[in-house]
Amino acid sequence: MPESQTLESTVSPAMPGFDEIVTLVVKHRVKAGQDGAYEAWLRRIVSVAGQWPGHLGVDVVRGKQGGLSLFTCVLRFCSTEAMQRWLDSPERRELVEEAAPLLADGDQTEVAPHKEFWFAPLADAATPPPRWKQSVVTLLVILPHTLLVPLLWGPLLQLNAFLSNYVVATFLITVTIVLSVVYVCMPLATRLFAPWLESSEAHEHLEPGHGQ
């Protein structure tokens, strides 16, 4: 794995969109002999972040870089605004300052590409799983939805002339697929296929309230 490079924050000032999901990647390379102290600190900041408004969950990837332990924490927020509030909060600032003596390269943060946020936790953000593997997992999730969701909506759409309108019916089916895929099925699928997508990294998922 290549040597770590310090990354400046790339938080976008843009206003959040409807149903936006923002992925914040935080990388910490821990000084030799400080893993235990860092793990204790990580549990505390994960607990604090888990209570933050708009926080949707955390994935923690444990790896090695330059002979030192590398922790990549992937935090998901419901909007850019919610993520920015966490980054600017006194709580996070105090905790990061407390951890500074443990870190070899300081606190490194970046916003992962939205198009790859499903797969970001499974590897270093610079080297996500191969695109063909991402495509296979995405297909396995999308295909059942395209087959089953129209069948599930069918009886309800036939109850009303407005609902049976092509545009309205397509909208309802599409919204159902998108919400199910984004909030439920893709997170589950990436955790299920984690050993296949990226078997060389230790991966842990923390839901809001349990875990940055």
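Residues numbered from 1 in each chain as written. Predicted model: local features only at pLDDT ≥ 70, side-chain atom pairs only at ≥ 80, totals over all residues. Heavy atoms only, no water.

Here we come to the pairing of strand 2 (residues 55-65). For strand 2, the tally of buried residues reaches eight of 11 residues, placing the bulk of the element in the interior. Bridge count between strand 2 and strand 3 (residues 68-77): 10 bridges; the pairing is antiparallel. What sits directly across from Gly57, in strand 3, is Arg76. Counted between consecutive antiparallel strands, the loop separating strand 2 from strand 3 contains two residues, among which Gly66 sits at a positive phi close to 60°. (Buried < 20%, exposed > 50% of the residue type's maximum accessible area, 1.4 Å probe, protein only. Helix = DSSP H or I, 4+ residues; strand = E, 2+ residues; numbered from the N terminus. Pairing = 2+ DSSP bridges.)

Mapping Val26 onto the fold places it in strand 1 (residues 22-29). The class of Val26 is buried, set by a relative accessible area of 1%. A sequence separation of 34 residues divides Val26 from Val60, and the C-alpha atoms of the two residues are 9.5 Å apart.

So, about the UniProt feature "transmembrane region" (unreviewed entry) in the protein. Those places that UniProt annotates as "transmembrane region" (unreviewed entry) correspond, in this numbering, to residues 136-154 and 166-186. Its end C-alpha atoms 28 Å apart, residues 136-154 is made of 100% helix and 0% strand. Helix makes up 100% of residues 166-186 and strand 0%. Its end C-alpha atoms lie 27 Å apart. (UniProt positions renumbered as here; feature names shortened; annotations may be inferred.)

Moving on, we come to the packing of aromatic side chains. The description of an aromatic ring pair uses the distance of the two centres, along with the angle that the planes make with each other. If you walk through the whole model with that rule in mind, you get three aromatic pairs. A ring pair is formed by Tyr38 and Trp41, whose centres lie 5.3 Å apart and whose planes are at 40°; its orientation type is tilted. Residue Tyr38 and its partner Trp41 are located together in helix 1 (residues 35-50), separated by three residues, close to a single helical turn. Residue Trp41 is classed as buried on the basis of its relative accessible area of 2%. Connected via pairs of aromatic rings, a cluster forms that spans Tyr38, Trp41 and Phe71. (Phe/Tyr/Trp six-rings, centres within 6.5 Å; stacked < 30°, edge-to-face > 60°.)

Quick look at the pattern of salt bridges now. With the rule as written, the count across this model stands at seven salt bridges. One salt bridge in this structure joins Glu39 and Arg62, with 3.1 Å as the shortest N-O distance. Residue Glu39 is found in helix 1, and its partner Arg62 is found in strand 2; the two are separated by 23 residues along the sequence. With relative accessibility at 23%, the residue Glu39 sits in the partly exposed group. Among the salt bridges present, the one from Glu98 reaches Arg44, with a minimum N-O distance of 2.1 Å. (Salt bridge = Lys/Arg side-chain N within 4 Å of Asp/Glu carboxyl O.)

This paragraph deals with helix 1. For helix 1, spanning 16 residues, the distance from its first C-alpha to its last is 22 Å, which sits close to the expected 22 Å at 1.5 Å a residue. Restricting attention to buried positions, one finds in helix 1 the residues Tyr38, Trp41, Leu42, Ile45, Val46, Ala49 and Gly50. Taken around the axis of helix 1, the buried residues stretch over an arc of 165°, which confines them to a single face. Opposite the packed face of helix 1, turned more than 90 degrees from it, sit the exposed residues Gly36 and Arg43. (Expected span 1.5 Å × (residues − 1). Arc of directions from axis to C-beta.)

Direction vectors running N to C along helix 1 and helix 3 (residues 90-99) enclose 175°, while the axes themselves pass 11 Å from each other. Between helix 1 and helix 3, the crossing angle belongs to the class labelled roughly antiparallel. Note on element contacts: helix 3 touches helix 1 through Glu91, Arg92, Leu95, Val96, Glu98 and Ala99, opposite Trp41, Arg44, Ile45 and Val48. Among the residues forming the contact of helix 1 with helix 3, the class breakdown is six nonpolar, no polar and four charged. (Axes fitted to C-alpha atoms, helices over the stretch in contact; angles between N-to-C directions. Parallel < 35°, antiparallel > 145°, perpendicular 65-115°, else oblique. Contact = heavy atoms within 4.5 Å. Nonpolar A, V, L, I, M, F, W, Y, C, P; charged D, E, K, R; others polar.)

Next up on the list: the nonpolar core. A general trend in soluble globular proteins is that nonpolar side chains are found buried together. Residues Leu24, Tyr38, Trp41, Leu42, Leu75, Phe77 and Trp86 are the most contacted members of the largest nonpolar core, which totals 25 residues. Top element by residues in this core is helix 1. It accounts for six residues. Once you skip the residues sitting within four places of it in the chain, Tyr38 turns out to touch His28, Val30, Phe71, Leu102 and Leu103. One finds Leu157, Leu172, Val181 and Met186 within the second-largest nonpolar core, a separate group that totals 13 residues. (Core = buried A, V, L, I, M, F, W, Y, C linked by side-chain atoms within 4.5 Å.)

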